[in-house]
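# Observations on the model geometry
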Amino acid sequence: MSADATELPVVIVGAGLAGMRCAQALANTGIAVILIEKQSRVGGRVQTDEVDGFFLDRGFQVLLTGYPDARDALDFDGLDLQDFAPGAIVRIGGRFHTISDPVREPATLLSTVKAPVGSLADKMKMLPMKSRLSRMSLAEIFEREELTTLEALRDRWRFSPTMIESFFRPFFGGILLDRSLQGSSRMMEFVFKMFSVGSAALPAEGMGRISDQMASRLTSVDIRPGTGVRSVGSDSVVLDDGSSIAARAVVISVEGPEADRLLGENGTHVYVGTHCHYFATEHAPVSEKLLVLNGEGAGPINNLVVITNVAPAYSATQEALISVTVLDDPTSVSSVELETDVRSQLTDWFGPVVQHWRHIRSYHIPVALPDQRPPFLSPPEKPVRVRPSVYRCGDYVDTASINGALRSGRRAADAVIKDLSGAS
Ligand SMILES: Cc1cc2nc3c(=O)[nH]c(=O)nc-3n(C[C@H](O)[C@H](O)[C@H](O)COP(=O)(O)OP(=O)(O)OC[C@H]3O[C@@H](n4cnc5c(N)ncnc54)[C@H](O)[C@@H]3O)c2cc1C
């Protein structure tokens, strides 16, 4: 490589968590980095809007404090994390029932045992599953045969159909954004382990604070928001306005389908979507810091949470903020009809008072998570080198999660650093 070429920057396309993690790792070694983002701000799928005195995450999501790469990349204290309580409230048989982790919350043992969410044997099976997965390393989890989540819950962990329908379908359905439970068992067991070794948490002022924190550390990186990339080569990127930027190496850290387009590859990456509806009310319908799961299957709602029970600062007033998640369905109705259906189901659950809940905003996120059906995690880490001087990262090359995005960004940076040190 010529002396001039070594002075060129590494250009990273896409400033989600993967791109920012990659930028941070490269900048830390003194490499010049330009980080290009088509949206007006960084963060990709982890962003929070301020609307009418509320912090609204763009889709309900949580940070699992057990995530190893998040621990490495983020300052958890600086995020002022607010923990969910372990367990869930499950809507089943026209009533709400609370199940918890009796090891962490012994006072809930009786209500958990009595709750008609699976059998006593099902609840007992959670304990060895938790302890076994907690003890297993991530490498061991990712070496286990990759089944669908449904197959693993039914055949490997031997849960009853009732337990799967009433608890696991809405629980993992909400996490993997797939109620069919056809997603990878490796992902399911990874997530279960993360819940077992840590907690689910929200930054006090919204998930977007994760992105803000990462961006605040990129002081030596030339960040260019509001700049779309039209195409990439091994030594340059072409922007939407037709201008180009010469690059020492290019890292593509966009969503899978967009990466296919930029690389001129036939699209193989399919994503699933979700809707998130926000409501405000003076009186929260539940007081617990728990996820409410639809264990009945009927109706559009998969899960909801009173966000302000967990993180009060999401609301600047005394009003409670409720986040309702509906999973994308190809046969789904229009957004207006969906909102009507959601409110009608909420009324069924919580009574006529719901008619007074104030609708704040709804989000539809069509590209939310990669479709994680097997063999999605075979291998668990996809290569980050695409061709000489061109790399990729993003949640679709790792576990589809905050952790996976961060990990992939770190892996791409390591590959760039290694290749550049060999080339100089
Ligand atoms: C609703 C929802 C719920 C979720 N729940 C959870 C959860 O509870 N826990 C969890 O761990 N994970 C969750 N996730 C997943 C997690 O948020 C993502 O896996 C992660 O944020 C992906 O980061 P990324 O950097 O790979 O991609 P992205 O965040 O998508 O970043 C890609 C960036 O590239 C930019 N870009 C695209 N094309 C171009 C172009 N041509 N030029 C320039 N820039 C471009 C995009 O604008 C974007 O900013 C959830 C995601 C969603 C949407």
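Residue positions are given per chain, counted from 1 along the sequence in the order it is written. Given that this is a predicted model, residues contribute local features only at a pLDDT of at least 70 and side-chain atom pairs are listed and counted only at 80 or more, while totals for whole chains, interfaces and linings are drawn from all residues. Side-chain metrics rest on all non-hydrogen atoms present in the structure, leaving aside hydrogens and water.

## Here we look at the sheet that holds strand β9 (residues 200-203)
Strand pairing requires that DSSP identify at least two bridges connecting the strands. Numbering of helices and strands starts at the N terminus; helices are DSSP runs of H or I of at least 4 residues and strands are runs of E of at least 2. As summarised here, the arrangement of the three strands in space is β5-β9-β6, forming an open sheet in which the pairing is antiparallel. Edge positions in the sheet fall to β5 (63-64) and β6 (81-83), since each has one partner strand and no second. Across three bridges, β6 lies against β9 in antiparallel orientation. Its bridge partner being in β9, Asp 83 is matched across the sheet by Ala 201.

## Focus: the side chain of Asp 395
Its place among the elements puts Asp 395 in the loop between β21 (390-392) and α15 (402-423). A 1.4 Å probe rolled over the protein chains alone gives each residue an accessible area, and that area as a share of the maximum for its type sets the label: buried under 20%, exposed over 50%, partly exposed in between. Using a relative accessible area of 6% as the deciding quantity, one classes Asp 395 as buried. At 2.7 Å, the side chain of Asp 395 and the side chain of Arg 45 are in polar contact. Should any heavy atoms of two residues lie within 4.5 Å, those residues are counted as being in contact. Not counting residues within four places of it along the chain, the set of residues in contact with Asp 395 comprises Arg 45, Tyr 271, Leu 369, Pro 370, Phe 376, Ala 400, Ser 401, Ala 405 and Ser 408. Polar contact is the term for a pair of N or O atoms within 3.5 Å; when the atoms are in protein, one must be able to donate a hydrogen and the other to accept it, and sequence-neighboring residues count only if both atoms are side-chain atoms.

## Some words on the layout of surface pockets
Cavities and pockets are defined on a 1 Å grid built over the protein atoms alone: a cavity is a set of grid points where a 1.4 Å probe fits but cannot escape, while a pocket is an open set with protein on both sides within 12 Å along at least five of seven lines, and lining residues are those with an atom within 4 Å of any such point. Grid points are joined across faces, edges and corners, and a volume is the space filled by probe spheres set on the points. Empty space within the second largest pocket amounts to approximately 240 Å³. Forming the boundary of the second largest pocket are Thr 268, His 269, Val 270, Tyr 271, Pro 370, Asp 371, Arg 373, Pro 375, Phe 376, Lys 382 and Tyr 396. Asp, Glu, Lys and Arg are counted as charged, while Ala, Val, Leu, Ile, Met, Phe, Trp, Tyr, Cys and Pro are counted as nonpolar; the rest, among them Gly, fall into the polar class. Across the lining of the second largest pocket, the residue classes break down as six nonpolar, two polar and three charged.

## Quick word on the packing of aromatic side chains
Pairing of aromatic rings covers Phe, Tyr and Trp, the last through its six-membered ring, and needs centres within 6.5 Å; plane angles under 30 degrees mean stacked, over 60 mean edge-to-face, and all others mean tilted. Scanning the entire structure with this criterion turns up 16 aromatic pairs. Here the aromatic rings of Phe 55 and Tyr 314 are separated by 6.4 Å at their centres, their planes lie at 85 degrees, and the arrangement is edge-to-face. Residue Phe 55 is located in strand β4 (residues 54-57), and its partner Tyr 314 is located in the loop between α13 (307-310) and β18 (320-327); the two are separated by 259 residues in the primary sequence. Each member of the pair Phe 55 and Tyr 314 is classed as buried. Ring geometry for Phe 279 versus Trp 357: centroids 6.1 Å apart, planes at 55 degrees, classification tilted. Of this pair, Phe 279 sits in strand β15 (residues 271-281) while Trp 357 sits in the loop between α14 (335-350) and β19 (358-370), placing them 78 residues apart in sequence. Judged by its relative accessible area of 4%, Trp 357 is buried.

## What to know about the domain arrangement of the protein chain
Under the domain assignment used here, the protein chain contains domain 1 (3-46 + 208-269 + 376-423) and domain 2 (48-82 + 271-370). By convention here, the domain bounds are inherited from an automatic or database domain assignment. Look at where the C-alpha atoms of domain 1 and domain 2 centre, and you get two points 30 Å apart. Taken together, the 25 residues of domain 1 in the interface contact 23 residues of domain 2. Accessible area, probed at 1.4 Å, shrinks when two parts are joined; the buried area is that loss added up over both. Of the roughly 2000 Å² buried where domain 1 meets domain 2, counting both sides, 52% is carbon and sulfur surface. Whenever a carboxyl oxygen of Asp or Glu lies within 4 Å of a side-chain nitrogen of Lys or Arg, that contact is scored as a salt bridge. On the surface where domain 1 and domain 2 come into contact, there are three salt bridges. Asp 69 is the partner of Arg 407 in a salt bridge, and the nearest nitrogen-oxygen pair spans 3.2 Å. For the pair domain 1 and domain 2, the number of links is twelve residue pairs in polar contact (both at pLDDT 80 or more).

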